[in-house]
Amino acid sequence: MSFPKGFYWGGATAANQYEGGWNEDGRGPALTDYTTGGSATSARYLTYIDVNGNPQKQRTSIVGTTLPEGATLTCLDDCYYPNHLGTDFYHHYKEDIALFKELGMNMFRMSISWSRIYPTGLEDKPNEAGLKFYHEVFKELKANGIEPLVTISHYDDPVTIVQEVGWENEQAIDAYVKYCKTIFEEYKDEVKYWLTFNEINSMLMMASFVPNYPKEKTALAYKQLHNKFVASAKAVKYAHDNYPNYVMGCMIAGLVNYPLTCDPADVLYSQQKMQDYFWYCGDVQTRGAYPASAKRTWKKYDLDPAFFEKDAEILKEGKVDMFTFSYYNTSCVTTHADAQKDGVGNLSMGAKNPYIKYSDWGWGVDPSGLRYILNEIEDRYQVPCMIVENGLGAYDKLEDGQVHDPYRIDYFSQHIKAMDEAISDGVNLIGYTPWGIVDLVSASTGEMAKRYGVIYVDMDDEGKGTLKRYKKDSFAYYQEVIKTNGEKY
């Protein structure tokens, strides 16, 4: 057994998928509040009124979309918006935290909804009701011996910041830093661990997943991403200067690739994809500087290096203290056009790997890939590391108040074993918070059917259900893992 004493065992959620209370107590809207439900085979849509007053829908993703000029976001009567309710942590937080304590968790990863604190992001003063809600949550966590790990921005920036200001403008940086200063001071006695942006490299996903994605959109995404790096660095430096007990982290989507074949072209392509979509963001936030490969990327998209290099000192001063990331699957990349694709529906990460199994959503189940990337992260950064999302999205069936999910237990067991082996390899892994510890709305598909939790919530894809919580078989399994500090996985 390799897990160190004091290892953080927990679970992860996000306000926009879990919290609910979308229009209560002064909270402002986020893009997800205008995003319809979808499925593995049907897209999610942003809904709006066009310049001529006609209701419209436009396909979107977890990183948003660009609306036509003159469009006004609105909720349409004939559409269902699953993020409005999530699974209602807003009114069930005491019940859920009691279940977390029963599970044995000593860390809970959650996010603060920016628009609950600053409804548009541009107000001079914060929303007191929003501040109060999170005080109550942190108070409850403390009473139950659970350390909060707080994501500051998790796919739910205020609509005004995203649609009207835009992350390509420095005004967004200023608004984010103001928000950070507010919550840093407000919760200085309640929160120690902070993550600046969830899966910050997700802004580049469209270029990675969608064939022939417009070059100009990717170029804009790199500029917006740079401003998020600057915002993160400024927040981290401010925290270090004013709250020396704070532990600040990045959060990177674990887009882990293998070459499909031993063709040197595939090996080189895999290396470049890792550089472009994983190390690019990890290096800036953890090393405080862009990697050498960034120059190739900027040239590819006709970007002026001076735009990225002008903030070099800020990025250097705002290095994070720990590296955190999500890990669900691996994918293969190839230059061979006839390769079979992975994924389901419209979401393909790459080529299908013949040596691993796949989930119902076409995601490759690969615990060895977790050990592999943990070792790569350790060798590159040599800072404490956390896996803050991991898990199996699956169809669960509630029968007689029970959910039998041996497939999830098997997934957990394999990945916790890989973590154990990585620690034996020398990786400084300090925590594990599997995703959706309580069932919540899927970010990519907007459905409830894709469940991750060890706690089942009675809610379906149409928003029907009692919201009653049930412990799945995986709850007892994970409870034993935590109780034995990973000895029994």
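The present account deals with the structure reproduced in this document. (Residues numbered from 1 in each chain as written. Predicted model: local features only at pLDDT ≥ 70, side-chain atom pairs only at ≥ 80, totals over all residues. Heavy atoms only, no water.)

1. Looking at the side chain of D283
Phase 1: Checked against the element boundaries, D283 lands in helix 9 (residues 264-286).
Phase 2: Here Y381 takes part through its side chain, which lies 2.6 Å from a polar atom of the side chain of D283.
Phase 3: Beyond its immediate stretch of four places on either side in the chain, D283 contacts G288, A289, P291, R380 and Y381. (Helix = DSSP H or I, 4+ residues; strand = E, 2+ residues; numbered from the N terminus. Polar contact = N/O pair within 3.5 Å; in protein donor to acceptor, adjacent residues only side chain to side chain. Contact = heavy atoms within 4.5 Å.)

2. Things to note about the packing of helix 14 (residues 406-425) against helix 15 (residues 473-483)
Phase 1: Viewed as axis vectors pointing N to C, helix 14 and helix 15 meet at an angle of 25°, and their least axial separation amounts to 9 Å. With respect to each other, helix 14 and helix 15 are oriented roughly parallel. Along this stretch, helix 14 crosses helix 15, giving a crossing that reads as right-handed. Here R408, I409, F412, S413 and I416 of helix 14 lie close against helix 15, whose contacting residues are D473, S474, Y477 and V481. (Axes fitted to C-alpha atoms, helices over the stretch in contact; angles between N-to-C directions. Parallel < 35°, antiparallel > 145°, perpendicular 65-115°, else oblique. Left-handed = near helix turned anticlockwise from the far one by under 90°.)

3. A word on the sheet that holds strand 4 (residues 72-73)
Phase 1: Pairing in this open sheet of three strands is antiparallel, and the strands run 3-2-4 from one edge to the other. In this open sheet, the two strands that pair with only one neighbour each are strand 3 (55-60) and strand 4.
Phase 2: Here strand 2 (residues 44-49) pairs with strand 4 via two bridges, running antiparallel. Within strand 4, the position partnered with Y48 by the bridge is L73. (Pairing = 2+ DSSP bridges.)

4. Some points on helix 13 (residues 367-381)
Phase 1: Over its 15 residues, helix 13 runs 21 Å from end to end, which matches the ideal 21 Å to within 8%, given 1.5 Å per residue.
Phase 2: Of all the positions in helix 13, only P367, G369, L370, I373, L374, I377, E378 and Y381 are classed as buried. Projection of helix 13 onto a plane perpendicular to its axis shows the buried side chains occupying an angular sector of 170°, all on one side. Across from the buried face of helix 13, at angles greater than 90 degrees, the exposed residues are S368 and D379.
Phase 3: Trailing helix 13 by a residue or two, Q382 shows a phi angle of about 55°, which is positive. (Expected span 1.5 Å × (residues − 1). Buried < 20%, exposed > 50% of the residue type's maximum accessible area, 1.4 Å probe, protein only. Arc of directions from axis to C-beta.)

5. Comments concerning the pairing of strand 10 (residues 322-326)
Phase 1: Across the five residues that make up strand 10, a large majority, five, are buried.
Phase 2: Two elements, strand 8 (residues 247-253) and strand 10, share five bridges in a ladder whose sense is parallel. Note on strand 10: the bridge partner recorded for C250 is F323.
Phase 3: Direction of pairing for strand 10 relative to strand 14 (residues 385-389): parallel, over a ladder of four bridges.

6. Thoughts on the environment of L131
Phase 1: With respect to the secondary-structure elements, L131 resides in helix 4 (residues 128-143).
Phase 2: When its relative accessible area of 2% is taken as the criterion, L131 is described as buried.
Phase 3: As a C-alpha pair, L131 and L220 span 89 residues in sequence and 33 Å in three-dimensional space.
Phase 4: Aside from chain neighbours lying at most four places away, what touches L131 is I117, P126, T182, E186 and Y187.

No statement about biological role is implied by the geometric values presented.
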